[in-house]
Structure formats: structure tokens, C-alpha cells
Number of protein chains: 2
Amino acid sequence: MPAPNALYAQSGGVTATINATACGVIETARQARRSGRLIGHIYAARNGILGALAEDLIDTGAESAAAIRTLMHTPGGAFGSCRFDLSPLPQGRAQYRRLAAVFRAHNIGYFFYNGGNGSAETAHQVATILPQFGCPVVSIAVPKTIDNDILHSDSSPGFGSAAKFAATSLREAMADLASMGHSSTRVFVMEVMGRHTGWVAAACGLALPAGRDGPLLLLTPEIHFERRRFLAAVRARIARHGWCAIAVAEGVKLRDGRRLTQAGGDGIPGHEQLGGVAPLIATMVRESLQVKVHWSVLDYVQRAARHLASKTDVGQAYAVGRAAVTYALQGKTDVMPVIQRTSNRPYRWQIVPAALAGLMNREKRLPRGFLTADGYRLTARARTYFTPLIRGEAWPPFADGLPVHAQLQLKPVARRLQSAFRVLP
Amino acid sequence: MPAPNALYAQSGGVTATINATACGVIETARQARRSGRLIGHIYAARNGILGALAEDLIDTGAESAAAIRTLMHTPGGAFGSCRFDLSPLPQGRAQYRRLAAVFRAHNIGYFFYNGGNGSAETAHQVATILPQFGCPVVSIAVPKTIDNDILHSDSSPGFGSAAKFAATSLREAMADLASMGHSSTRVFVMEVMGRHTGWVAAACGLALPAGRDGPLLLLTPEIHFERRRFLAAVRARIARHGWCAIAVAEGVKLRDGRRLTQAGGDGIPGHEQLGGVAPLIATMVRESLQVKVHWSVLDYVQRAARHLASKTDVGQAYAVGRAAVTYALQGKTDVMPVIQRTSNRPYRWQIVPAALAGLMNREKRLPRGFLTADGYRLTARARTYFTPLIRGEAWPPFADGLPVHAQLQLKPVARRLQSAFRVLP
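Rules behind the numbers
- Residues numbered from 1 in each chain as written.
- Chains lettered and ligands numbered in written order.
- Predicted model: local features only at pLDDT ≥ 70, side-chain atom pairs only at ≥ 80, totals over all residues.
- Heavy atoms only, no water.
- Helix = DSSP H or I, 4+ residues; strand = E, 2+ residues; numbered from the N terminus.
- Contact = heavy atoms within 4.5 Å.
- Lys, Arg positive; Asp, Glu negative; His and termini not counted.
- Charge placed at Lys NZ, Arg CZ, Asp CG, Glu CD.
- Buried < 20%, exposed > 50% of the residue type's maximum accessible area, 1.4 Å probe, protein only.
- Salt bridge = Lys/Arg side-chain N within 4 Å of Asp/Glu carboxyl O.
- Nonpolar A, V, L, I, M, F, W, Y, C, P; charged D, E, K, R; others polar.
- Pairing = 2+ DSSP bridges.
- Polar contact = N/O pair within 3.5 Å; in protein donor to acceptor, adjacent residues only side chain to side chain.
- Least-squares fit on C-alpha atoms with pLDDT ≥ 70 in both.
- Axes fitted to C-alpha atoms, helices over the stretch in contact; angles between N-to-C directions.
- Parallel < 35°, antiparallel > 145°, perpendicular 65-115°, else oblique.
- Left-handed = near helix turned anticlockwise from the far one by under 90°.
- Expected span 1.5 Å × (residues − 1).

**Student:** In this structure, what is going on with the overall build of chain A? I would like to understand it.
**Tutor:** Counting secondary structure elements, chain A contains 13 helices and 13 strands. Dimensions of chain A, computed from C-alpha atoms along their principal axes, come out at roughly 75 × 45 × 40 Å. Residue pairs in contact within chain A that sit at least 24 positions apart in sequence constitute 76% of those at least 6 positions apart. The average position of the 49 basic charges and that of the 28 acidic charges among the side chains of chain A differ by 5 Å.

**Student:** Mind showing me how you'd approach unusual backbone geometry here?
**Tutor:** Peptide bonds are trans in most cases, and residues, glycine excluded, mostly fall at negative phi. Looking along the chain, the bond that leaves R345 of chain A and enters P346 of chain A is cis, with omega of -5°. Assignment of secondary structure puts P346 of chain A in the loop between β10 (335–343) and β11 (348–355). Here the residue pair L89 of chain B and P90 of chain B is connected by a cis peptide bond, since its omega of 0° sits within 30 degrees of zero. Looking at where P90 of chain B falls in the secondary structure, it is placed in the loop between α3 (65–69) and α4 (93–105). Of note in the backbone geometry, N148 of chain B takes a positive phi value of approximately 60° without being a glycine. With respect to the helices and strands, N148 of chain B occurs in the loop between β5 (138–143) and α6 (159–180). A relative accessible area of 0% places N148 of chain B in the buried class.

**Student:** Would you explain the interface of chain A and chain B in this entry?
**Tutor:** Often the size quoted for an interface is simply the accessible area lost on bringing the parts together. The interface of chain A with chain B comprises 77 residues on the first partner and 77 residues on the second. Our enumeration of links across chain A and chain B arrives at 4 salt bridges. Between R391 of chain A and D400 of chain B there is a salt bridge; the shortest N-O distance is 3.0 Å. Elements with a contribution of two residues or more to the side of chain A that touches chain B: α6 (159–180), β6 (185–192), α10 (277–289), β9 (292–297), α11 (300–304), α13 (380–390) and β13 (402–403) of chain A. Sorting elements by how many residues they give to the side of chain A that touches chain B places α6 of chain A first, with 13 residues. In terms of residue class, the side of chain A that touches chain B is made up of 34 nonpolar, 28 polar and 15 charged.

**Student:** What is the right way to read the pairing of β11 of chain A from this model?
**Tutor:** A regular strand places its side chains on the two faces of the sheet in alternate fashion. Residues and elements named next belong to chain A. Here β10 runs beside β11; their pairing, made up of 8 bridges, is antiparallel. What sits directly across from V338, in β11, is V352. The loop that links β10 with its antiparallel partner β11 comprises 4 residues.

**Student:** Could you clarify how one ought to interpret the side chain of S161 of chain A in this entry?
**Tutor:** All names here are of chain A. For S161, the location among the structural elements is in helix α6. Of note is the side chain of S161, whose polar atom sits 3.0 Å from the backbone nitrogen of S310. S161 has contacts with A16, T17, L308, A309, S310 and D313, leaving out every residue within four places of it along the chain.

**Student:** What's the story with the relation of the copies chain A and chain B in this structure? I'm lost.
**Tutor:** The two chain copies are connected by a rotation around an axis plus a translation along it. In the superposition of chain A on chain B (RMSD 0.0 Å, axial shift 0.0 Å), the rotation amounts to 180°. When the rotation and shift are considered jointly, the pair of chain copies conforms to a two-fold rotation axis. Relative to the rotation axis, the closest C-alpha in chain A is found at V297 of chain A, a distance of 2.4 Å. When you check the interface residues of chain A against chain B, 100% turn up at the interface there too, and the contact is symmetric in its surfaces.

**Student:** So what exactly am I meant to see when it comes to the side chain of S155 of chain B here?
**Tutor:** All names here are of chain B. Structurally, S155 can be placed in the loop between β5 and α6. For S155, a relative accessible area of 2% translates into the label buried. A polar contact is formed between the side chain of S155 and the side chain of Q316, at a distance of 3.4 Å. When sequence neighbours within four positions are dropped, the list of residues in contact with S155 reads N148, Q316, I339, Y347, K364, Y385 and L389.

**Student:** Teacher, can you tell me more about the pairing of β6 of chain A here?
**Tutor:** Residue and element names in this part refer to chain A. Here β6 lies mainly inside the structure; 7 of its 8 residues are buried. As paired elements, β6 and β9 share 6 bridges and run parallel to each other. Each residue of the ladder has a partner; that of V187, found in β9, is V293.

**Student:** Looking at this model, I keep getting lost on the packing of helix α8 (residues 227–241) of chain A against α10 of chain A. Mind explaining?
**Tutor:** Packed helix pairs are specified by the crossing angle of their axes together with the interaxial distance, meaning the distance between the axes. All names here are of chain A. Contact pair α8 / α10: the axes reach a minimum separation of 11 Å and the direction vectors enclose 70°. Considered as vectors, α8 and α10 are oriented roughly perpendicular to each other. The crossing of α8 and α10 is right-handed. Packed against α8, whose contacting residues are R227, F230, L231, V234, R235 and I238, the element α10 presents I281, M284, V285, S288 and L289 at the interface. Looking at the contact of α8 with α10 residue by residue, the class counts come to 8 nonpolar, 1 polar and 2 charged.

**Student:** Please explain α10 of chain A as it appears in this structure.
**Tutor:** Since there are 3.6 residues in each turn of an α-helix, residues three or four apart along the chain are aligned in direction. Residue and element names in this part refer to chain A. Taking 1.5 Å per residue, 13 residues should reach 18 Å; α10 reaches 18 Å between its end C-alpha atoms and fits that length. For α10, the buried fraction is high: 10 of the 13 residues fall into the buried class. Looking only at α10, the buried set comprises V277, A278, P279, L280, I281, A282, T283, M284, V285 and L289. Downstream of α10 by a residue or two, Q290 has a phi angle that is positive, lying close to 55°.

**Student:** Please clarify how the pattern of salt bridges should be interpreted in this entry.
**Tutor:** Any two side chains of opposite charge can pair, on the condition that their charged atoms come close. Throughout the structure, instances matching the rule amount to 24 salt bridges over all chains. Here R255 of chain A ties to E226 of chain A by a salt bridge, and the two come within 3.2 Å at their closest N and O atoms. With R255 of chain A in the loop between β8 (244–249) and α9 (260–263) and E226 of chain A in the loop between β7 (216–219) and α8, this residue pair connects regions lying 29 residues apart in the sequence. A relative accessible area of 56% means that R255 of chain A is categorised as exposed. Here E250 of chain B ties to R195 of chain B by a salt bridge, and the two come within 3.9 Å at their closest N and O atoms. A residue pair is termed long-range when its members are at least 10 positions apart, and E250 of chain B in the loop between β8 (244–249) and α9 (260–263) and R195 of chain B in the loop between β6 (185–192) and α7 (199–203) qualify at 55 residues. The class of E250 of chain B is buried, set by a relative accessible area of 18%. A relative accessible area of 41% places R195 of chain B in the partly exposed class. Sharing partners across several salt bridges, the network here consists of E226, R229 and R255 of chain A.

These figures come from the coordinates and say nothing about function on their own.
Now the structure itself:
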């Protein structure tokens, strides 16, 4: 009986550092195998759990050590990601039967699922349901999300880099705005990701150096948006400083719980179809205060910005991948390696296992104490939390002016099952 | 009679490297003064020509050499910029009389105006009209614009850095999109600046490595937007690659000359008020092709992104500032130092003076030969042009995870005139 093989897969919205986790998983598994531990081939599923269901597997053994290393500086999901959840039982019976067949056919004994809260549930299902289908497997969720909302993890790999990029971009844009404010643009609105939580938007508060009073407003989903109060705050900042910058999370909400983008913001039907809360805020400010407004929506650019990754984040992303393999070889299953902060100054952290049942599909929200009473500014406590997460640079290599990314072979593993299995239409 | 003083000012939309030009002007003028050349104080006008009219001057002599050096890595306009043009004669008589009074009161003999095509006209007016008011002044326009549309300059300082950031961001977002395309987002639209010209949008074509076929479409104002042809091109790329990325210039136009944002794109009244052609394109693709679309609008973020400046651009921005002072001390006036490319491989360039009368308010457009016949892709000729402009990195210093910017004292020069002068409402 050959040693069990490992299957790694990526899930959900990707990040600038999810591939650093892939590197951590693959390098650690290779080292373990070389030192005689019970681990065979290291496969990756193409497009997350969908590739596992489709028996669309990649043999990472075809990649050189140098190629695997390039994952450290490559954004996106090198093996493809997916937005797909396994159905619960009993509806999902056919899916689990299929997964068990694929895992048995390829002797998969370890499963590493790299994602956020939703993906943790998939890993939990694999850990707890596949044995019922005659396929016991060690299943580990590996954390990743720029949303920073994984319950028992002090921070989430991917977040620090997105936060660093967003705060840097805002600081730079504020330097621009400050020079235009006298005779032209008075307000700049920058939209960042965060449908349910305001972690990235809050981190944008770092754009203003500590102790500096300045015209920057933060809008997060955790604080209800009140149009009149907001416009008064913008007006006051323009009066005092000449200009005002605003960082807004895409999911900012009204008191009634609707997202501003759903409500239309300015009441013009159709606007909500465009998505984008920044243009809504911009129109509101322009029409109410009669000032020139510029706006930006970062979208994928913020979560893919590997060129400005946080060194802390890259290190943690690698470390959770490494820990996942270590846990698996120790026989731990149905867990996620999470980051525990043990000291603020100096910043110290360790990785500990957290049971998946305790953190699945639950969101960690921004503590109220991270924002000032008016909800618009960052507190010292928040700065203490955020600063180490964005610290350090981890420049990728450049060629001809542009960052170089991994070029993997992605060698398919020969199929062993006769049947196909489609879950997408 | 003391040596004449110099006045430097910034105008128009600022860039990530306009302050490198300020550094070039100030350092070169200081060196000239130390070596006994005829140059006195080096002043800056706050907020461009508006500060000159308002007698709102800054004494850069109060800044240490180290502080002036930090301008090399500081985005925005450190002395403030403006959107304001002098009126032509005879309407502008009061403005010129005022300028002459301010220049005489502060013994300004050299004027350096750092801007784009519009600012070149201001510098020309100062050179040619102020003598009629008894105030001869050596006036030099110093080029800067991310639009890259200065007629006789091979490239414009500021452009290379904006292009590098936009192309890098698109390459990174494409890595993200490629991993999401299987089960989620199929199309990503990134909007860049360029109201009249597609230089930045075209440079985004570099996101795709040379010789690589890939699903990337470029939309520029130089090629009329045709909805049906565009949607067919997107559909074909999704069919072949699974996904498609689009870089679009804000000023993309219909055949009738209207901008897509003016026309509304989807015909829903009110949409055009939001600005932003990316959400229009995104809605069009989503509704026509029934696929999930993400979009981003870079706006100020792209032109302020000093953290990812092009080393070529930073060097050229400094060099035009240096040349401006050299020209002034040689008695050249009514000129702009422009960049002349003398070799592609290796890339070589020099700075030569161009008469302002020949380049004012004329735009250099993207050559048709830079785009393929269908208008959607970059040609090899375009790559040869663009690549050296984005080459090399010039990382700013970081502290606590964020870039450090200049903190100048901006010491005011004591006013000498009794009267005030207001041009803004």
C-alpha cells in the first residue's frame, strides 16, 4: 500500500498571497516525503473542490523546486479557484459519493482546502462526511481571505497585503488631492472590498500618520450610514482643510440593513445595477456640497496587488500552509491552522489549530473600539492591531518593468474513473 | 542689484513624479548659486500660477537638502497645483499687470512652470506678455502629464509611472480573474485615465507578456467604440480562454464623437452623471452576455502610485527639471525641455529645448500603428515604444508598512504688495 497522496485546492475569492500558502503546503509536503514521512504524491485540484469532483487533478510533482518557489510572489490562484459549496446531506449524497470515488481512485489521504469561512465548511464536510462513504481522509482548512473575518484567527492571510495596498494607495491619492483641492477637486472617494465587514476600509485609516489630524473619513458596514451626518462631516473637513478623502467599504449599510448600493443612494432607479458605492457617494457629495469629486473603485486590483504585499502577510501565508501539512502528518483533522497574536510590541504570533466546527460560516466583525465615537476615524487600539499586519515589503522580481509571475506546467493527473461528473450548468 | 530670484510652480493634474522635477529644479538652482551663477532665492508659488497672482510664495531655501531630496519619492504636488489658465489679452490685462507687480516686488527673473499642454501656454504668456508690462522674465515650461500627450516630447514625465502601475495592476488582476473564471467572474474591466488619448490604456496591453495570446481587450478614444463588434470580441475570448480582461480609457468615444459616458452607454438616463466608463462597460457585458463581471476605476490611484514608479520616469522627471534651470541660466526662454529618444535598443534619450509656440495646446495622439487592425491589441511597435518607459523600479522608503512622503515646512515669503488679488470666486 503506497503512502497516501495529498490534495491541495484553492477556493473563494483569491488573494495576493494565497499562492504563498500553496508554496508552504507543497514545499513542506516535499520535505516530509524526503524525510520518509507517510506522504505520496502532492496533487492540486483544478478550480477548487470542482476539480476534485470532476477528477481534474494536477500533479505538482512535475514542477521544479524553483517553479514552486515562484508561487511566493504570484497573485491569484495558480491552480484555479471556485465559488461552489458542497450540498449538505442528504441532498449532497451524489457529490460525496463522487468525491469518495475520486479520492479512493487517487489514494488521497490528505485534503488541504485553502479558503475563507465558506471553504472551512467544505473542509469540515470532507472530514466528517466522507468517512460515511468509506473514505476516511485527513482534512485541513487553510485560511485565506482579504476580508479578515475568520473567527479564531487574529488576522487572515491575504488581508495584510490588501490593507497595505489600499492604505498606501489612499495615502498617495491624498497627496494628490491635497495639491488639487485649492482650485479643483475637493473630495476623493476610494471604494474597497468588504461586503459584510469593514476591515480593509478601516485599515485605510492608516493612510493618515498616527497622531495627525486630517481630512479622512472611513465608512464601514459596521456603522450605519447616515446621509445628513456624513455630509456635515465632509463639509466640516473641507472647511477646515480645504479637501476631504473618504474610504468606503462596498457593503456600507443604511439603518434599515439595506446596502447603500441596493438602496440606490441617490434615489435614481438603475444606479444600483452598476454596483459601486463610490460613485453613489461621489454623486451625493457633488450634488449636495457643489464640489468637484473624484472616485476610485479598487476591486480586484486591491486583492491581487502582490507587487506591494506585506512581508508579515507573505510570511504568515506560507506558515499556515506549512502548519497545515504538519498537522495532517500528526493526524490532526477537521481543523484550521489559525494565527494567534502573542505580543503587540514587538509583534509576535504563533499558529495553533482551531476546530472547524467552531468557526465555519461565522464572521469576525470589526470591533466597535477600532473606530472613534463618530465612526469615521481610527482609534489608537486599531492602529496597534493593524500596523504589524502591513509591515515589511516583499517585492516580487520584475522584468522589463513588470512583475514576473509563476508559469507552472499544471500537468494533469491521468484520470482513473470512467464516469464524468458535472456540477456546473 | 541682487541676482534675480527663481519661481517654480506646479500646474494641472499632478503625477507620481512631478515632485522629482521640483527636486531637479531646486537642486540644480542651488548648485548654480553655489557656483556663483546669477540666481538668487528659489521660491515656489503655492497652487501654481494662482499663488503667483495672490503673492502666495514659499521660500524653498528654508528646506534642508535632505528635505528637498524626499521630493524624489513623494507623489502629488508638494507646493499645490491648480486648474487655471491666464486669460488672453486684452481681457487678461489685470492679471498680467498683477503678475508683473508680484514678479518685480520679489525680483523674479526666472519662471519655471511644471505642467502639461495648457501650462505650456501659461509659460508662453509669461514669456511673451510680461515684457509688455515692463517685466522681462525668463520663462520655461517643464513637462509633466500622465496623459503622455505633449507634442514634441517622446514621452512625458509622469506617464511611465502611471503606465507601469496600470499595466502591473492589470497583470495582477488577470491572474486573479484567470483563477475565478471557471465558476464565477468571467470579465474584468479596468478603467484608466485618458480623456482624449489612449496612452495609458494602450500601455495596459503590456500586462500580457510579448508573444502571448491572451484574453485582453484595449479600448482607447482613438478607436471608435462599436458595441456589437466589442461584445462579439468579448464573447469570442470567453469561449476560447474562459475569461476576458478589458482596459478602457475614460474618454472612449462613439462614432458620433460623444464619449460613452456622455451617451450613457446603456441608455439609462442619469448613469452618465456617475462618470466612470468601466461600470457602463461592465453593465453592457453582464446584460448582453449573461456573465459575472467585476470592474475597477483607478482614477487618482494610478497617477499617484509613487510606490511603483518607473525608474526611467523618475530619472526623466528629474532631468527635465535640471535642464529647465540650465536653459534658464543660458538665457533660453519661451521653451520646454522635451525628451528625445535616440535609440530603442538600448534605450537612449536626451533632452532638447522645444519652442513653446509649437506645442501649446496641441495633443499627441496614439499612433494607429500602436494597435492591431481590430484596435483591441498592442502591436510590436507599441511594445518597443512603451517598454523602456516603464522599466526599472524606484521604491520609496517605507516606515511601519507605508511609504514615507516629504514633510516640507513651506515657509511663506513675506508679502510686499499692499493689494490683494483674487481670481477664484
